[in-house]
Amino acid sequence: MQTIAQRELRNDNAAIMRRVEAGETFVVTRNGRPVAEIRPVPVGRQRFVSRERLMALSERSEPLDRSRFRADLDALADPWSET
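Residues numbered from 1 in each chain as written. Predicted model: local features only at pLDDT ≥ 70, side-chain atom pairs only at ≥ 80, totals over all residues. Heavy atoms only, no water.

Notes on the sheet that holds strand β3 (residues 33-38)
In any sheet, the strands associate via hydrogen bonds between backbone groups, in a parallel or an antiparallel arrangement. The strand order β1-β2-β3 describes an open sheet built from three strands, whose pairing is mixed. Edge positions in the sheet fall to β1 (2-5) and β3, since each of these pairs with one other strand and no more. On average, each strand axis in the sheet is tilted by 35° relative to the strand beside it, whichever way the strands run. As judged from the four bridges shared by β1 and strand β2 (residues 26-30), these two strands associate in the parallel manner. (Pairing = 2+ DSSP bridges. Helix = DSSP H or I, 4+ residues; strand = E, 2+ residues; numbered from the N terminus. Axes fitted to C-alpha atoms, helices over the stretch in contact; angles between N-to-C directions.)

See below:
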């Protein structure tokens, strides 16, 4: 992973995007502070799930236990609580 300044990204955008397309990852800095990461999108990553696909997936899943789901959410929101 290479670190580049925002100015370098602005000035060499096309070259950097070609390198990202080739598999490289960059951390972009502003005033020496990391502010972003530019990396290739994983191959085969699906960005949209159709309604039909979502329905088919939900039909095969187990029913939701609402109280357990709520307890899991509460534990994530406040892991230090004693519930």
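On we go from here.
Some details on the side chain of Thr 29
Summarising the element assignment, Thr 29 is placed in strand β2. Residue class for Thr 29 comes out buried when judged on its relative accessible area of 10%. (Buried < 20%, exposed > 50% of the residue type's maximum accessible area, 1.4 Å probe, protein only.)

A short note on the pairing of β3
For β2 and β3, the ladder comprises five bridges, and the chain directions are antiparallel. Across the sheet, the residue bridging to Thr 29 is Pro 34, located in β3. Between the end of β2 and the start of β3, which pair antiparallel, lie two residues, with Asn 31 showing a positive phi angle near 55°.

Remarks on the pattern of salt bridges
Taken as a whole and judged by the stated rule, the model has three salt bridges. Across the salt bridge formed by Asp 74 and Arg 70, the nearest N and O atoms sit 3.0 Å from each other. With Asp 74 and Arg 70 both in helix α4 (residues 66-77) and four residues apart, the pair spans about one turn of that helix. Given a relative accessible area of 54%, Arg 70 falls into the exposed group. (Salt bridge = Lys/Arg side-chain N within 4 Å of Asp/Glu carboxyl O.)

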